[in-house]
Amino acid sequence: MKVVASGSIKGGVGKTASAVNLAAEATRSGARVLVWDLDPQGSATYLLRVEHRLAGRGARGLIAADATLARHVRATMVTGLHLLPSDRSLRFLDLHLDATGDRHRRLAELLQPLHDAYDVVILDCPAGASLAFEGALRASDVLLVPVIPSTLAVVTLAQLEDLVAGRKPRPELLGHVSMLDRRKPLQREIADALLDRPDMLRTVVPNSTAIEGMGPERGPVTAFAPNSVAARAYRALWGELADRLWG
Ligand SMILES: Nc1ncnc2c1ncn2[C@@H]1O[C@H](COP(=O)(O)OP(=O)(O)OP(=O)(O)O)[C@@H](O)[C@H]1O
Ligand SMILES: [Mg+2]
């Protein structure tokens, strides 16, 4: 089982779009895939058409000493793709994690029993550098960071590199260019500079109306617009990521 955290300090950069589309792509090769929606916003939960609610005591029960994640897992409309849904109480997840004996390792511990049930787990992280994000980093093989081609997003990428650098074990940080609008020269320039870096995947996810359509369609772009440029980009991105995970 490989664990990928789709995360960034920055909000609105395409973390959820990447998590949902890459998860759907992963199932095409027969992989058993779980998306864990750690964001109280519940965007991945909405897009995968699952009720925005955890059974029992919400976030507190989710990480309690006697908790099992499996009881919360739901099937989705995508064959082979399961979801551990969000719940509004996840806004207090950091408080509950802080109250556990091992606040940094708890998410990794909870995932352990799922090891043989899934080939890939994708954690859809909320924006920010919270305790939950620390836990996600501990649990992950790869931190996948969507980077919009803007100066401030590049600054954030450097902050994330610092955050990951001091960690043992540490996830491999891999960025990908997200929402590139090729009509804008500054965006092209920043994207080109990003693509020179060894920690960036080669595939660029363009700014795309098909991806915006994920909201009204409520599904991965690969399901309702499989031949769109965006769907092809996520297919290529998953290919690259899979090579880094298993290659
Ligand atoms: N490549 C893209 N082209 C155009 N719109 C996009 C693209 N990727 C994401 N979006 C849109 O941008 C918005 C933010 O995307 P998304 O929710 O995936 O970002 P996020 O990083 O998960 O945000 P948050 O920090 O709120 O969790 C959404 O409305 C989404 O539809
Ligand atoms: Mg999100």
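Residues numbered from 1 in each chain as written. Chains lettered and ligands numbered in written order. Predicted model: local features only at pLDDT ≥ 70, side-chain atom pairs only at ≥ 80, totals over all residues. Heavy atoms only, no water.

(A) Representation of the packing of helix α6 (residues 131-139) against helix α7 (residues 151-165) within the structure. Orientation of α6 relative to α7, taken along the N-to-C sense of each, is 65 degrees, at an axis distance of 11 Å. Crossing of α6 over α7 shows right-handed handedness. Where α6 approaches α7, its residues Phe133, Glu134 and Leu137 are matched on the opposing element by Leu160, Leu163 and Val164. Its residues placed into classes, the contact of α6 with α7 shows five nonpolar, no polar and one charged. (Axes fitted to C-alpha atoms, helices over the stretch in contact; angles between N-to-C directions. Helix = DSSP H or I, 4+ residues; strand = E, 2+ residues; numbered from the N terminus. Left-handed = near helix turned anticlockwise from the far one by under 90°. Contact = heavy atoms within 4.5 Å. Nonpolar A, V, L, I, M, F, W, Y, C, P; charged D, E, K, R; others polar.)

(B) Inspection of the pairing of strand β6 (residues 142-147) at higher detail. Most of β6 is tucked away, with six of its six residues classed as buried. With burial as the criterion, each face of β6 is covered, one bearing Val142, Leu144 and Pro146 and the other bearing Leu143, Val145 and Val147. In the sheet, strand β1 (residues 2-6) pairs with β6 via three bridges, with the strands oriented parallel. Note on β6: the bridge partner recorded for Val4 is Val142. Two strands pair when backbone bridges link them, and β6 and strand β7 (residues 172-180) are joined in this way by six bridges, in the parallel orientation. Pairing of Leu143 across the sheet is with Leu173, part of β7. For the segment spanning β6, α7 and β7, crossover handedness is right-handed. (Buried < 20%, exposed > 50% of the residue type's maximum accessible area, 1.4 Å probe, protein only. Pairing = 2+ DSSP bridges. Right-handed = clockwise from strand over helix to strand, strands pointing away.)

(C) How the structure looks around the site of ligand 1. What surrounds ligand 1 is a group of 17 residues, the closest being Lys15, Thr16, Ala17, Pro206 and Ser208. Gly14 is positioned such that a nitrogen or oxygen atom in its backbone is 3.0 Å from an oxygen atom of ligand 1. Considered on its own, ligand 1 offers 630 Å² of accessible surface; in the complex 77% of this is hidden by protein. For ligand 1, the cavity whose grid points lie within 2 Å of the majority of its atoms is the largest pocket. The set of elements that each furnish at least two residues to the shell around ligand 1 consists of α1 (15-28), β8 (205-206) and α9 (209-212). A total of three residues in the shell around ligand 1 trace back to one element, the largest contributor, which is α1. When its residues are assigned to classes, the shell around ligand 1 shows seven nonpolar, seven polar and three charged. (Near = heavy atom within 4 Å. Polar contact = N/O pair within 3.5 Å; in protein donor to acceptor, adjacent residues only side chain to side chain. Areas by Shrake-Rupley, 256 points an atom, 1.4 Å probe, with all protein chains shown as cover. 1 Å grid on protein atoms, 1.4 Å probe; cavity = no way out; pocket = protein on both sides within 12 Å on 5 of 7 lines; lining within 4 Å. Sits in = over half its atoms within 2 Å of the grid points.)

(D) Summary view of empty space enclosed by the protein. For the structure shown, the criterion picks out one cavity of 30 Å³ or more. Considering the residues around the largest cavity, the lining is formed by Ser8, Lys10, Val13, Val145, Pro146, Val147, Ile148, Ala153, Thr156, Leu157 and Leu160. Going through the elements one at a time, β6 and α7 are the ones with two or more residues in the lining of the largest cavity. Among the elements that take part in the lining of the largest cavity, α7 stands out by supplying four residues, more than any other. Class assignment of the residues belonging to the lining of the largest cavity gives a composition of eight nonpolar, two polar and one charged. (Points joined across faces, edges and corners; volume = space filled by probe spheres on them.)

(E) Spotlight on the layout of surface pockets. One number sums up the size of the largest pocket: a volume of about 460 Å³. Together, 26 residues line the largest pocket, and Gly12, Gly14, Thr16, Ala17 and Met179 are the ones closest to its centre. Contributions of two or more residues to the lining of the largest pocket are made by α1, α2 (43-47), β7, β8, α9 and α10 (214-217). Within the lining of the largest pocket, the residues separate by chemical class into twelve nonpolar, ten polar and four charged. For the second largest pocket, the calculated volume is near 250 Å³. The wall of the second largest pocket is formed by 15 residues, among which Val3, Arg138, Ala139, Ser140 and Asp141 lie closest to the centre. Elements with a contribution of two residues or more to the lining of the second largest pocket: α5 (106-111) and α6. Of all the elements, α6 adds the most residues to the lining of the second largest pocket, at three residues. Split by residue class, the lining of the second largest pocket holds eight nonpolar, three polar and four charged.

(F) The environment of Val221, seen in detail. Structurally, Val221 can be placed in helix α11 (residues 221-224). What makes Val221 buried here is its relative accessible area of 0%. Sequence separation of Val221 and Ala231 is ten residues, and the distance between their C-alpha atoms is 5.8 Å. Excluding anything up to four places from it in sequence, Val221 contacts Asn21, Ala210, Ile211, Met214, Pro226, Ser228, Ala230, Ala231 and Tyr234.

(G) Molecular detail of the packing of α1 against helix α12 (residues 229-246). At their nearest, the axes of α1 and α12 sit 9 Å apart, and the two run at 75 degrees to each other. Classified by the angle between their axes, α1 and α12 sit roughly perpendicular to one another. In this structure, α1 uses Ala17, Ser18, Asn21, Leu22, Glu25, Ala26 and Arg28 to contact α12, whose residues at the interface are Tyr234, Arg235, Leu237, Trp238 and Leu241. The class makeup of the residues in the contact of α1 with α12 is seven nonpolar, two polar and three charged. (Parallel < 35°, antiparallel > 145°, perpendicular 65-115°, else oblique.)

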